[in-house]
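Structural overview for review
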Amino acid sequence: MLELSILGFLYEKPLHGYELKERIHGLSGHVRPVSDGALYPAITRLVRNSLVDSRTEPGASAAPRRTLSLTPDGRRELLARLRTPKDAEISDGQRFFTLLAFLGHLPDPADQAAVLRRRQEFLTAPASFFYEGGSPVTVEREPDLFRQGMLRIARATGTAEKAWLAEALRELDAAPSPPEETA
């Protein structure tokens with residue numbers, strides 16, 4: 001998810017490393033803090049794979065700053081990752097939110113809708129945090145007050161997300177496809 005966030009934010013505009021870290025922190029830092037020990041090696045990998053360009057510029061004070069920008073290969077990589085997200089990026093709520101933050105970069109509404117349909121399908125499968133005899137435990141069958149709270153919150157969140165997905169899919173299905181690019 002870190003690489004997807006880097007590519008996604010750099011798709012929007014070139015950024016300095018610190019600015020990029022702040023944007024990633026704003027997106028998911030409250031759940032998954034981003035350390036320099038994770039961010040800068042990820043940037044180095046993306047630069048080494050020619051997905052991100054790094055250039056040094058004079059800083060506002062005396063220290064030079066590294067500006068990062070997306071390469072054409074990086075743009076293609078981001079769009080490919082958005083079109084075909086991993087299963088964990090569909091099933092894990094925080095990973096899905098990261099994916100959702102950049103899904104608007106896909107130019108074709110049909111591609112966007114395909115990703116949302118995968119999430120919708122995942123949400124319609126019976127699930128719970130707790131199972132008894134192989135069946136999901138519902139809030140009505142859970143005697144523990146705190147587990148009831150978990151299940152009620154998850155149900156309310158799931159209901160709201162399903163409603164939004166249905167609304168977004170109706171809008172995307174009605175949207176025209178972009179014109180095909182000519183070579």
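Residues numbered from 1 in each chain as written. Predicted model: local features only at pLDDT ≥ 70, side-chain atom pairs only at ≥ 80, totals over all residues. Heavy atoms only, no water.

Comments concerning the packing of aromatic side chains
- Scanning the model with the defined rule gives two aromatic pairs in all.
- Taking 4.9 Å as the distance between ring centres and 90° as the angle between the ring planes, the aromatic pair formed by phenylalanine 9 and phenylalanine 102 counts as edge-to-face. Linking phenylalanine 9 in helix H1 (residues 2–12) with phenylalanine 102 in helix H6 (residues 93–102), this pair joins segments that are 93 residues apart in sequence. Residue phenylalanine 9 shares its accessibility class with phenylalanine 102, and that shared class is buried. (Phe/Tyr/Trp six-rings, centres within 6.5 Å; stacked < 30°, edge-to-face > 60°. Helix = DSSP H or I, 4+ residues; strand = E, 2+ residues; numbered from the N terminus. Buried < 20%, exposed > 50% of the residue type's maximum accessible area, 1.4 Å probe, protein only.)

With respect to the sheet that holds strand S2 (residues 52–57)
- Read across the open sheet, the three strands follow the order S1-S3-S2; overall the sheet is antiparallel. Only two strands of the sheet have a single neighbouring strand rather than two, namely strand S1 (15–16) and S2.
- Here S1 pairs with strand S3 (residues 65–70) via two bridges, running antiparallel. Residue pairing across strands places leucine 15 opposite leucine 68, the latter belonging to S3.
- Against the sheet, H1 touches S1, S2 and S3, its axis set at about 90° to S3. (Pairing = 2+ DSSP bridges. Contact = heavy atoms within 4.5 Å. Axes fitted to C-alpha atoms, helices over the stretch in contact; angles between N-to-C directions.)

Some points on the nonpolar core
- If you look at the biggest cluster of nonpolar residues, it comprises 34 residues, and the most contacted ones within it are Ile6, Leu20, Leu82 and Leu116.
- Breaking this core down by element, the ones donating at least two residues are H1, helix H2 (17–29), helix H3 (36–48), S3, helix H4 (72–83), H6, helix H7 (109–124) and helix H8 (145–174).
- Sorting elements by how many residues they give to this core places H1 first, with five residues.
- Ignoring anything within four residues of it in the chain, the contact list for leucine 116 reads Phe96, Leu100, Leu103, Trp164, Leu165, Ala168, Leu169 and Leu172. (Core = buried A, V, L, I, M, F, W, Y, C linked by side-chain atoms within 4.5 Å.)

Examining H1
- Burial of H1 is extensive: eight of the eleven residues sit out of reach of the surface.
- Every buried residue belonging to H1 is among Glu3, Leu4, Ser5, Ile6, Leu7, Gly8, Phe9 and Leu10, and all of these are buried.

A word on the environment of arginine 147
- Within the fold, arginine 147 resides in helix H8.
- C-alpha separation for the pair arginine 147 and phenylalanine 130, spaced 17 residues apart in sequence, amounts to 8.7 Å.
- Non-local contacts of arginine 147, meaning those with residues more than four positions away in its chain, are made with Phe130 and Glu142.

Looking at H7
- Between its first and last C-alpha atoms H7 spans 22 Å; for 16 residues at 1.5 Å apiece the expected length is 22 Å, and the two agree.
- Turning to H7, its buried residues are Pro109, Gln112, Ala113, Val115, Leu116, Arg119 and Leu123. The buried residues of H7 occupy an angular sector of 160° when projected down its axis, which confines them to one face. Summarising the geometry of H7, the exposed residues directed more than 90 degrees from the buried face are Glu121 and Thr124.
- If you follow the buried residues of H7, they end up packed against H4, helix H5 (87–91), H6 and H8.
- Put simply, aspartate 108 is the residue that caps the front of H7, since its side-chain oxygen is 2.9 Å from the backbone nitrogen of alanine 110. (Expected span 1.5 Å × (residues − 1). Arc of directions from axis to C-beta. Polar contact = N/O pair within 3.5 Å; in protein donor to acceptor, adjacent residues only side chain to side chain.)

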